[in-house]
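Report on the structure
What follows is the residue order along each chain.
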Amino acid sequence: MIINRKTIVAAGVSASALFVAAAPALAQTTAPAAAPSDGATQVDEVVVTGIRGALRSAIGVKRRSDLVVEAISSEDIGQLPNVTIAEELVRLPGINGTRDRGNQSQAAIRGLGPRLVLGLVNGREVASSEPDRNIRWEIYPSEIVSGVEVYKSQSADLVSGGIAGTIDIRTTRPLDYRGPGFVGTAGAAYYDAGKDLPDYDPLGYRLSANVNHAVNDAVALNLGLTRQVQKNGYATFEGWGWNDAATGGSPGDINNDGRPDATFYGAQSQVKRLTETRNGVNGALQWRPSDRFELNFDALYSDIKIDEDQNQIWYGNNGTYGNWGGGSSWAYSDPQASYNLIDGTVVAARLPYASVTNVIAKYTEDKTLFATGLNGKWSLGDWTLVGDLAYSSAKRENLWRAVFTEQYPSLAGVDMTPGRRPSAYAVYDTGNPASQPLQDYRPAQADGGDLSDELTSARFDATRYLADSGITELSFGARVTDRTKSYDRTFWTQTPIIATLPAGLLISFTVPDFDTPSFINGDFDAVAKAAIGGFVQPADSADPKSGWSVKETVAEAYVKAKFAGTLMGLPFTGNVGARAVQAETSSHGQESVNGGAYTPVSVDNDHFELLPSLNMTLTLAEGRQLRFGLARTLARPPLDELRAGRTLYNTTPPPTGSAGNPLLKPYIANQVDLSYEWYFAPEALFAAAVYYKDVESHIGYSTQPVTIGGTTYNVTGPFNGGGGGITGAELTFQTPFSFIPALRNFGVYANFAYVDSDLKEFYPANNPLSATGLAKETATVDLWYSDGKLESRLGFKYHSPFTVITGWDGSALRTLESEKTLDFSTSYQLTSQVGLRFQASNLTDERVRLHYDNTANRLASDSRYGRRFSLDATFRY
């Protein structure tokens, strides 16, 4: 559909006006408006919206940029299932994500993981509720976003820190917004994996509203509100790792063939019943009294609360009886025992006297983000001056509480054989509510922590226009940031006051996802009250050895020159410059020697790096251009790995310890980019890009000698290590089928990425994992339809296996196996003001599987998140 307006519509329209809309009126082509008849209103412009408008806007950003960049327009966001902005990011070329609780979360770019991705909001680095630096993008509801730009190459004026890439989320600037003054949406979301779980309703909802108001021609404001309640219940089967000499264990020879056999330490099945509540507020005020001056204020607040009931069954708690880890092989040689070995790894076993632990647990988490900034822009003749002040803070509070019951069946087992659905066995029903003895050696437990991150920044940029050719612009600037991140852990236990849980408090249930003994379930507060008198946090619950803080100050300055000219008769543009980065850190923690008291320890560090860059764009013909980029890049070490805390032992040789590393140097890489782009129609593009990154320095976990206080310890922790090369290629193709009359309302968006690298993690020592985020192959194919009122998309996403960090521990490396997901969305515009939208995610119910030690035989987890369906209505005025 073609919309006529009297005002010019900017390329980046406010997200809130379009995401929630059932997408709006769709366009087929842009055409001149017909001459008005007598009495008709004069039309000044024809505006294309919907899928075509989104494609046109996104490739417009890509085409005009000096860098290799991918873009999402506000009209893109919301066309596919869009709980978070992460679900749109992973559809871009060379970008992959990991699912957390069923939703896309962190992003990997061009074969490098989230720790090497820099996240910005309105061009500013922001605080993070993660222990390191990376961002869980689900904290940004899609309704607050007006556009996203992903920079894959570097220039001197771009904030340093993104070796993999830089993701910049943009929010609305009210005077530039040309959408409806009010947009509101309401709808329901349903997660089918939780439909059969006891005491659980998987139906949630989503609400949002956005108001944009121009006070006059010089002042406008925007206010957006969003609330979402997500109800996702799901089942997971997890292995606890393998006892293998190559990974630091002491395996036994269970089949007496003279070779040690890797045996699993245990396993667990788990059901989570999640209620996740997201509230967001965003606002902006823009003042433009003249063409020479502009002042922008923006603020964003997002809060995510998680309330999660957990039912777990642990198999082989390595307690009083059988040792599943096999360091002592007596259990495997018992006449009742049976097991299955594949390539020296035990993948299934039934053993005598194995413990079976039922766990009734509650997990809560509250994470918040506040980001605000004031930006001023002055135009003084040939000079343009920009000043920016920003502040952001992020907090996370989490607590896991659990009550345990323990049983010892005469025979119990686990089967994690590849190609089969994982299962567990016990000789009798260990989930019978009539008999649930509380553990005598593992009391009820509470484990949590508080994380805080604050970041303040100031930036100044100056640009002078010089000429239309030769050196066309000269710019320089400086940026200073001050950041403090800290973490405090809480831990305590409580002894049971009764011997057995009352059967009347409990029910038992099973799930179809895995063949396991039945779970027990009961109201968590009632169970805790009966078992221990309720959880009561003691005054001494702080865990000193786990607390840490890092203060970081970064000063950056740059100079950049833009140039233009002709080469062999072909016009070119480009820029050349350098960015100087000086970073200073002060790390604090606690030190203990030989189990003694903890004492404070502090270590300071600094580093300097000069980052030159060159970018050129050669126009080959109308709509065809060739880009070249050359740059030196860095990513600062993860903040949690800079912690100063350490635990040391030197009474028995050799001295050993575990520690953070305040002296870590940054990741460093030199990279070259080459990209060909052909814009052959207003919404059409063919692009081919190749790149190479020479990573000089990498950070990973290993054990190395460190001299502390005159004693050399073999310390396990994060260290700098060798790098490697990354070579990649990306293909992108998108077009409407306007050239085929019968298919003129259809179109396609597709991309494919290939990456090859010798960059490795440091674990396992004998068979290191590939670098975090390195998926050799990634593909996306979206087929869309648009006829003016009806819009539909069918989206396919594939990635090959790649290494991920699970949880908050940088040493927790796993391999995420390949995934193929299929999503669908459709919308219908009932009137110019009211639209409906239906979305379905993960239609094929793709499971998420991870394995240990770069060995597919060693299951880490198998999760079924199920399908997600949503239906909403949007009102625009």
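Definitions and cut-offs
- Residue indices follow the written sequence of each chain, beginning from 1 at its first position.
- Given that the model is predicted, a residue must reach a pLDDT of at least 70 before its local features are reported, and side-chain atom pairs must reach 80 or more before they are shown or counted; all residues, however, enter totals for whole chains, interfaces and linings.
- Each side-chain value is derived from all of the structure's non-hydrogen atoms; neither hydrogens nor water enter the calculation.
- Pairing between two strands is assigned when DSSP locates at least 2 bridges connecting them.
- Every helix listed is a DSSP run of H or I at least four residues long, and every strand listed is a run of E at least two residues long, numbered separately from the N terminus.
- Fitting a line to C-alpha atoms yields each axis, with helices limited to the stretch in contact; the angle taken between N-to-C directions then spans 0 to 180 degrees.
- Partly exposed residues are those whose accessible area sits between 20% and 50% of the maximum for their type, while under 20% is buried and over 50% is exposed, using a 1.4 Å probe and protein chains only.
- Within this analysis, the arc is defined by the directions that extend from the helix axis to the C-beta atoms.
- Here a residue-residue contact requires only that any non-hydrogen atoms of the pair lie within 4.5 Å.
- With a 1 Å grid spanning the protein atoms alone, the term cavity applies to any set of points in which a 1.4 Å probe fits but cannot get out, the term pocket to an open set with protein on both sides within 12 Å along at least five of seven lines, and the term lining residue to any residue with an atom within 4 Å of a point.
- Grid points are joined across faces, edges and corners, and a volume is the space filled by probe spheres set on the points.
- Per-residue confidence from the predictor is reported as pLDDT, which spans 0 to 100.

Some words on the sheet that holds strand S22 (residues 423–426)
The strand order across the open sheet built from four strands is S17-S18-S21-S22, with neighbouring strands paired in antiparallel fashion. The open sheet has two edge strands with one neighbour each: strand S17 (338–342) and S22. The sheet shows a mean angle of 10° between the axes of neighbouring strands, taken without regard to direction. Sheet topology places strand S18 (residues 345–352) next to strand S21 (residues 411–415); five bridges connect them, and they run antiparallel. Bridge pairing links Arg350 to Gly413 in S21.

Points about helix H5 (residues 524–532)
Within the span of H5, buried status applies to Phe524, Val527, Ala528, Ala531 and Ile532. Each buried residue of H5 sits inside an arc of 95° when the element is viewed along its axis, so together they form one side. Away from its buried face, by an angle of more than 90 degrees, H5 presents the exposed residues Asp525 and Lys529. Buried-residue contacts for H5 involve strand S16 (293–315), strand S19 (356–380), strand S20 (383–407), strand S23 (444–465) and strand S24 (470–494). Immediately downstream of H5, the backbone of Gly533 shows phi near 80°, a positive value.

A few points about the pairing of strand S10 (residues 182–191)
One ladder, built from nine bridges, connects S10 with strand S11 (residues 203–214); its direction is antiparallel. Counterpart to Gly184 in the pairing with S11 is Ala209. As defined by bridge partners, S10 adjoins strand S46 (residues 868–876) across nine bridges and the pair is classed as antiparallel. Paired with Tyr191 across the strands is Arg868, a residue of S46.

Quick notes on empty space enclosed by the protein
Evaluation of the coordinates by the stated rule reveals 18 cavities of 30 Å³ or more. Computed from the structure, the largest cavity encloses a volume of approximately 390 Å³. As for the largest cavity, its lining consists of 35 residues, and the residues nearest its centre are Gly113, Pro114, Arg115, Thr772 and Ile805. Breaking the lining of the largest cavity down by element, the ones donating at least two residues are strand S4 (95–100), strand S5 (103–109), strand S34 (684–708) and strand S40 (802–805).

Remarks on the confidence of the model for the protein chain
This prediction gives the protein chain a mean pLDDT of 89; 92% of its residues lie at or above 70. Long-range and interchain partners of residues 318–322, a stretch whose pLDDT sits below 50, account for 13 contacts in this model, where long-range means more than four residues apart.

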